[in-house]
Amino acid sequence: MPKLLIAASGTGGHLFPALAVAQALPDWPIEWLGVPERLENQLVPQATYPLHRVRLSGLPGGLNGRTLKVLAELLVATWQVRRLLQSGGFDRVFTTGGYIAAPAILAARSLGIPVVLHESNALPGKVTRWLGRWCAVVALGFAAAQVHLPKLKTLVVGTPVRPDFQQILATAGNEIPHTAFVLLITGGSQGAVSLNRVVRACVPAWLERGWWVVHQTGDQDPECGKFSHPQYIERAFFPDMAAWMGRANLVIARAGAGTLSELTLLHKPAILIPYPWAAENHQQYNADIFARQGAAVVMPQADLTAAVLDTLLTELAAHPERLAQMGQAMSALAVPDSAQRVAGVLTQLQVKL
Ligand SMILES: CC(=O)N[C@H]1[C@@H](OP(=O)(O)OP(=O)(O)OC[C@H]2O[C@@H](n3ccc(=O)[nH]c3=O)[C@H](O)[C@@H]2O)O[C@H](CO)[C@@H](O)[C@@H]1O
């Protein structure tokens, strides 16, 4: 079997698709490349995928002293990854983009090792735009990304999701009555404190109506744990997100590509509030696709007040047929075999570029 190095780091949106691809290649020897102190150190099962770490930070906006420091880090990291690829005898590299992709692509390129890069966002990130030309294949989550990458060899494959979203086996919220209306709020792997604040102002009214509220807050929210109610389930992070999303009637979310793909697989109607400070506002581009298909209502963070959110929710909850239509539109966007498609691309690669 070919030996694979996966370079994926930082957020659930980068790590879970990569883990899904790794799981779709059960017989391959696979090792992982990340950085110290980011989410991969908790999420990657290191007994299965040994984790190598390089020190690396994201490129700052302008040209300044920090840019030079980051470029120096990149040079060192590229040299370290090159040595790792050589000494480990790796045959392929897979990356989900972000800054860890840069040394992985540069090092692999210098050794003639083919790289598959997966870009999950509708507006491709900088590394994809700058270094995608040195990858054997740039696999895309959304066809809309192709216009931004006119000269690259691209293939639309959807975004891989964990197997538990394909077949929900775990149960969650057994205490919730079957007929109850369940609202899930998720801010992505890191949570969304500003979204949480607005949601919290609405929660008492929602509970009063008999709704159940499942709220993922992230671990940066000082208010987490201060309010309790039998119908309010609050956690910093839900490892069993598939089971909770599966139980939801409506989801309020940011517009990270990972969450969006999961919503399509579970055909859940959603209100999307794109994270306005995401790099180059890329979440807005993701969200627009879902709004155009009628799968989600998109609300800018700037317009988000408790009153506006409550009015929208009351309106949607009163029209189950509209929610059902949105759910159908969601499922029309699903690519259930995305991980298998990426695994297929990796399997069929020619080793020499
Ligand atoms: C702030 C930011 O820039 N976020 C980016 C980040 O993803 P970020 O991790 O913020 O968000 P995503 O929605 O893409 O992914 C979140 C992932 O974490 C999982 N999850 C989340 C909460 C929880 O309690 N349990 C759980 O399992 C979700 O099920 C999902 O698989 O990378 C994505 C892919 O490039 C981008 O589209 C996002 O815009």
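Residues numbered from 1 in each chain as written. Predicted model: local features only at pLDDT ≥ 70, side-chain atom pairs only at ≥ 80, totals over all residues. Heavy atoms only, no water.

A few points about the UniProt feature "binding site: UDP-N-acetyl-alpha-D-glucosamine" (unreviewed entry) in the protein chain
The following threshold applies: UniProt positions are given in the numbering used here, feature names are shortened, and annotations may be inferred rather than shown by experiment. In this description a helix means any DSSP run of H or I spanning at least four residues, a strand means any run of E spanning at least two, and both kinds are numbered starting from the N terminus. Whenever a nitrogen or oxygen atom comes within 3.5 Å of another N or O atom, the pair is scored as a polar contact, on the condition that within protein one atom can donate a hydrogen and the other can accept it, and that pairs from neighbouring residues in sequence are kept only if both atoms are in side chains.
Sequence positions flagged by UniProt for "binding site: UDP-N-acetyl-alpha-D-glucosamine" (unreviewed entry) are, in local numbering, Thr 11, Gly 12, Gly 13, Asn 121, Arg 162, Ser 189 and Gln 283. On the secondary structure map, Arg 162 appears in the loop between strand S7 (154-156) and helix H6 (163-166). Its place among the elements puts Gln 283 in helix H10 (residues 282-292). Engagement of the side chain of Gln 283 in a polar contact is seen with the backbone nitrogen of Ala 255, the distance being 3.1 Å.

Points about the sheet that holds strand S9 (residues 212-216)
How we decide: Between any two strands, at least two bridges found by DSSP are needed for them to pair. Axis definition: a line fitted to C-alpha atoms, over the contacting stretch in the case of helices. Angles run 0 to 180 degrees between N-to-C directions. Whether two residues are in contact is decided by their heavy atoms: any pair within 4.5 Å suffices.
Pairing in this open sheet of six strands is parallel, and the strands run S10-S9-S8-S11-S12-S13 from one edge to the other. Edge positions in the sheet fall to strand S10 (232-235) and strand S13 (296-298), since each has one partner strand and no second. Pairwise comparison of adjacent strand axes, ignoring direction, gives a mean angle of 15° for this sheet. One ladder, built from four bridges, connects strand S8 (residues 182-186) with strand S11 (residues 250-253); its direction is parallel. If you follow Ile 185 over to S11, its bridge partner there is Ile 252. Strand contacts of helix H9 (residues 257-265): S8, S11 and strand S12 (270-272), with the helix running at about 165° to S12, the strand carrying the most contacts. Each of S12 and S13 touches H10; the most contacted strand, S13, lies at about 135° to it.

A word on the sheet that holds strand S1 (residues 4-7)
Spatially, seven strands are ordered S3-S2-S1-S4-S5-S6-S7 in an open sheet, and the strand pairing comes out parallel. Each end of this open sheet is capped by a strand with a single partner; those strands are strand S3 (51-53) and S7. Here the strands of the sheet are splayed against their neighbours by 25° on average, with no regard to which way each runs. Where strand S5 (residues 115-119) and strand S6 (residues 137-140) come together, four bridges link them in parallel fashion. Counterpart to His 118 in the pairing with S6 is Ala 139. Relative to the sheet, helix H1 (residues 12-23) contacts S1, strand S2 (30-34) and strand S4 (92-95), its axis offset from that of S2 by approximately 170°. Its contacts with the sheet put helix H3 (residues 65-88) on S1, S2, S3 and S4, and the angle it makes with S1 is roughly 155°.

Considering the UniProt feature "domain: Glycosyl transferase family 28 C-terminal" (unreviewed entry) in the protein chain
The positions UniProt marks with the feature "domain: Glycosyl transferase family 28 C-terminal" (unreviewed entry) are residues 182-341. Taken end to end, residues 182-341 is 45% helix and 15% strand, and its two terminal C-alpha atoms sit 33 Å from one another.

Overview of the packing of aromatic side chains
Selection rule: In summary, the pairing rule links any two rings of Phe, Tyr or Trp, Trp by its six-membered ring, whose centres are within 6.5 Å, and it sorts them by plane angle into stacked for under 30 degrees, edge-to-face for over 60 and tilted for everything else. Burial classes follow relative accessibility: with a 1.4 Å probe on protein chains only, a residue under 20% of its type's maximum area counts as buried, one over 50% as exposed, and anything between as partly exposed.
By the definition in use, this model includes seven aromatic pairs. Between Tyr 275 and Trp 277, the ring centres sit 5.7 Å apart and the planes meet at 70°, which makes this aromatic pair edge-to-face. For Trp 277, a relative accessible area of 60% corresponds to the exposed category. Here a set of aromatic residues connected by ring pairs shows up, and it is made of Phe 181, Trp 206 and Trp 211.

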